[in-house]
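Each chain, letter by letter, is given below.
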Amino acid sequence: TCQEEPETVAHYLLRCPTYWLHRAVHFVTFGFTGRNLAALLNTDGAMGPLFRYVNATGRLRRIFGEMADLPSQDGQDG
């Protein structure tokens with residue numbers, strides 16, 4: 001959405017200035033891990049925050065609709 005570079009998965013999840021606040025809110029628990037695409041996509045417990053990020057940005061809603069929130073692995077939300 002920012003038109004600053006091609007929209008790749010890495011750009012959308014890690015660098016797009018349009019979504020900086022969403023990243024700060026949804027990926028804060030990952031610290032520096034959340035700044036690495038491989039770690040973000042392969043870290044235990046990352047799917048819930050990742051889905052919430054996608055929903056919050058609304059970027060893929062037209063294609064996929066609202067993505068269901070996933071409970072964390074320990075049964076707690078978050």
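Parameters at a glance
Residues numbered from 1 in each chain as written. Predicted model: local features only at pLDDT ≥ 70, side-chain atom pairs only at ≥ 80, totals over all residues. Heavy atoms only, no water. Core = buried A, V, L, I, M, F, W, Y, C linked by side-chain atoms within 4.5 Å. Buried < 20%, exposed > 50% of the residue type's maximum accessible area, 1.4 Å probe, protein only. Helix = DSSP H or I, 4+ residues; strand = E, 2+ residues; numbered from the N terminus. Phe/Tyr/Trp six-rings, centres within 6.5 Å; stacked < 30°, edge-to-face > 60°. Contact = heavy atoms within 4.5 Å.

Under an unreviewed UniProt entry, the name given to the protein chain is Reverse transcriptase zinc-binding domain-containing protein, and the source organism is Trametes coccinea.

Participant: Which parts of the structure should I look at to understand the nonpolar core?
Facilitator: One finds C2, Y12, L13, C16, Y19, F27, F30, L40, A46, L50, Y53 and V54 forming the largest nonpolar core, which totals twelve residues. For this core, the secondary structure elements donating two or more residues are α1 (9-15) and α4 (47-57). If one sorts the elements of this core by residue count, α4 sits on top with three residues.

Participant: When you look at the packing of aromatic side chains in this model, what are you seeing that I'm missing?
Facilitator: Between two aromatic rings, the relevant description is the distance of the centres plus the angle of the planes. One pass over the structure, following the stated rule, counts five aromatic pairs. Centroid distance Y12 to Y19: 5.5 Å. Interplanar angle 85°. Geometry classified as edge-to-face. Across this residue pair, the class does not change: Y12 and Y19 are buried. Three or more aromatic residues joined by ring pairs form one cluster here, namely Y12, Y19, F27, F30 and Y53.

Participant: Where do I start with α4 in this structure?
Facilitator: Residues three or four positions apart in an α-helix share a direction because the helix packs 3.6 residues into each turn. Along α4, nine of the eleven residues are buried, which leaves the element largely enclosed by surrounding structure. Those residues of α4 lying buried are G48, P49, L50, F51, R52, Y53, V54, N55 and T57. Against the buried residues of α4 lie α1, α2 (20-26), α3 (37-42) and α5 (61-64). Positive phi appears at G58, one or two residues downstream of α4, with a value of about 70°.

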